[in-house]
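Overview (structure and organization)
Here are the chains, one letter per residue:
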Number of protein chains: 4
Amino acid sequence: MPTTELGGNSKIKGGPISADRLKSFVERIERLEEEKSSIADDIKDVYTEAKSVGYDTKTIRKIIKLRKMDAADRDEQEALLETYKFALGMM
Amino acid sequence: MPTTELGGNSKIKGGPISADRLKSFVERIERLEEEKSSIADDIKDVYTEAKSVGYDTKTIRKIIKLRKMDAADRDEQEALLETYKFALGMM
Amino acid sequence: MPTTELGGNSKIKGGPISADRLKSFVERIERLEEEKSSIADDIKDVYTEAKSVGYDTKTIRKIIKLRKMDAADRDEQEALLETYKFALGMM
Amino acid sequence: MPTTELGGNSKIKGGPISADRLKSFVERIERLEEEKSSIADDIKDVYTEAKSVGYDTKTIRKIIKLRKMDAADRDEQEALLETYKFALGMM
DNA sequence: CGGCGCTACGTCCGTC
DNA sequence: GACGGACGTAGCGCCG
């Protein structure tokens, strides 16, 4: 019995829903998640290296974030923050 | 002036903190984050494909999660055993 | 001027966005965070006490974590069952 | 057998290490963690309320964080960020 | 638009 | 006392 069928096959498109196929999907996903996790580790390594030669990683993270945000967003958020600070007498 | 020096250079290890070097770190990180993001997209695609042939993605997500938890549990149990042995002076 | 209004008041629900109200929210949150922080300190104290009478805090932390995981697992298993039933058209 | 003793009792201070006592510590911690968790929920509720009357919660979170940091730290971090931005031509 | 899962940050502990 | 590692928590983004 190579391909156990699941459910009542009350589906519309494609062939039957087989357990083998399900397994295949699960394994593809797990493989990709491993890769993703590996890249994440690499990123951590770069931060570690930067730190080891004297850079402040916290600030680098902020820079990365800022570069990702587009200018409009940035200005808008800063303006709102200023407004709130003013309202609270934090200026 | 190819390498602007930052800060007071009040650092200990390595060479000076140059803007070039900073830029290099930032770009390496950004490159890696792009890759990571790309893998994340691939994962999304797999879910989409699975869905298109009739699988319930919510269920698949749960399976993935459980398989991860099972592994973690197993590791945790072993670690706990070690910890107990240590705590009881059995090491 | 007791209640400075913020922004363009381009909002939909409720009354005006006043600085007083904002201040009130901020203070409520800060108060609650103090309480939370205080509880966290209490927890730390308990660990310290346990340690002082000879217990291994690392082990205790693991026990706490496992007891939490067990509960989570149990919930998850039940949820998975429901999901499967749904996926198989058994609902 | 009311109080099982653990380990070889190779400890220095206090009385014996009993399982009962251990249980007591675990329960005290779990109780405190519940309280902490409850406060965290309260905080979430306040944010939700603030949002419901038109405030931007993201900005409020920033405000909370800023008020927690002392002025010196704040200035220092801002200065460093400016320096990095300049180095990267982000000004 | 709300809920959930994942990611990332800050905090705390153990080590050197 | 500082650094690095681990944990728990909080913010963000995707999915439904």
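What counts and what doesn't
- Residues numbered from 1 in each chain as written.
- Chains lettered and ligands numbered in written order.
- Predicted model: local features only at pLDDT ≥ 70, side-chain atom pairs only at ≥ 80, totals over all residues.
- Heavy atoms only, no water.
- Helix = DSSP H or I, 4+ residues; strand = E, 2+ residues; numbered from the N terminus.
- Buried < 20%, exposed > 50% of the residue type's maximum accessible area, 1.4 Å probe, protein only.
- Areas by Shrake-Rupley, 256 points an atom, 1.4 Å probe, with all protein chains shown as cover.
- Contact = heavy atoms within 4.5 Å.
- Buried area = accessible area lost by both parts, 1.4 Å probe.
- Salt bridge = Lys/Arg side-chain N within 4 Å of Asp/Glu carboxyl O.
- Nonpolar A, V, L, I, M, F, W, Y, C, P; charged D, E, K, R; others polar.
- Near = heavy atom within 4 Å.
- Polar contact = N/O pair within 3.5 Å; in protein donor to acceptor, adjacent residues only side chain to side chain.
- Expected span 1.5 Å × (residues − 1).
- Arc of directions from axis to C-beta.

Description of the overall build of chain A
Summing up its helical and strand segments, chain A has three helices and zero strands in all. Going residue by residue from the N terminus, the α and β elements of chain A occur as α-α-α. Burial status across chain A gives 29% buried among its 91 residues. Accessible surface for chain A amounts to roughly 5900 Å². Of this, 51% is attributable to carbon and sulfur atoms.

Things to note about the interface of chain A and chain B
Chain A puts 32 residues into the contact, and the matching count from chain B is 32 residues. Around 3300 Å² of area is buried between chain A and chain B when both sides are counted, 72% of it from carbon and sulfur atoms. Considering only the side of chain A, the residues that lose the most area to chain B are Phe 25, Ile 29 and Tyr 55 of chain A, jointly responsible for 19% of the buried surface there. Taken together, chain A and chain B are joined by six salt bridges. Between Glu 30 of chain A and Arg 67 of chain B there is a salt bridge, and its shortest N-O distance comes to 2.7 Å. Sorting the residues of the side of chain A that touches chain B by element identifies helix H1 (19-52) and helix H2 (57-68) of chain A as the ones contributing at least two each. The dominant element in the side of chain A that touches chain B, judged by the number of residues it contributes, is H1 of chain A, at 20 residues. Grouping the amino acids of the side of chain A that touches chain B by side-chain chemistry returns 17 nonpolar, three polar and 12 charged.

A short note on the protein's contact with DNA strand E
Within the structure, DNA strand E sits among Lys 36, Lys 58 and Arg 61 of chain A, Lys 36 of chain B together with Lys 44, Lys 51, Thr 57 and Arg 61 of chain C. Sugar and phosphate atoms form 100% of the subset of DNA strand E atoms that lie within 4 Å of the protein. The side chain of Lys 36 of chain A places a nitrogen or oxygen atom 2.2 Å from a phosphate oxygen of DNA strand E. Within the residue set of the surface near DNA strand E, elements represented by two or more residues are H2 of chain A together with helix H1 (19-52) and helix H2 (57-87) of chain C. Residue composition of the surface near DNA strand E, by class: no nonpolar, one polar and seven charged.

Structural notes on the protein's contact with DNA strand F
Near DNA strand F the following residues occur: Lys 51 of chain A, Lys 44, Lys 51 and Thr 57 of chain B, Lys 36 and Lys 65 of chain C together with Lys 36, Lys 58 and Arg 61 of chain D. The share of sugar and phosphate among atoms of DNA strand F within 4 Å of the protein is 100%. At 3.4 Å, a side-chain N or O of Lys 51 of chain B approaches a phosphate oxygen of DNA strand F. The contact in question runs from a phosphate oxygen of DNA strand F to an N or O atom on the side chain of Arg 61 of chain D, over 2.2 Å. Every element with two or more residues in the surface near DNA strand F is listed here: helix H1 (19-52) of chain B together with helix H2 (57-68) of chain D.

A closer look at the environment of Ala 19 of chain C
Residues and elements named next belong to chain C. Assignment of secondary structure puts Ala 19 in helix H1. With a relative accessible area of 5%, Ala 19 lands in the buried category. As a C-alpha pair, Ala 19 and Arg 67 span 48 residues in sequence and 45 Å in three-dimensional space.

Examining the side chain of Thr 57 of chain B
Turning to its location among the elements, Thr 57 of chain B is positioned in helix H2 (residues 57-87). Those residues in contact with Thr 57 of chain B, other than ones at most four positions away along the chain, are Tyr 47 and Lys 51 of chain B.

Here's the deal with helix H3 (residues 71-87) of chain D
With 17 residues, H3 of chain D extends 24 Å from end C-alpha to end C-alpha; this agrees with the ideal 24 Å at 1.5 Å per step. Along H3 of chain D, the residues that are buried comprise Leu 81, Tyr 84, Lys 85 and Ala 87 of chain D. Buried residues in H3 of chain D, looked at end-on, bunch into an arc of 160°, giving them a common side. Exposed side of H3 of chain D, more than 90 degrees from the buried face: Asp 75, Glu 76 and Phe 86 of chain D are the residues found there. Among the structural elements, H2 of chain A together with H1 of chain B are those in contact with the buried residues of H3 of chain D. Two residues or fewer after H3 of chain D comes Gly 89 of chain D, characterised by a positive phi angle close to 65°.

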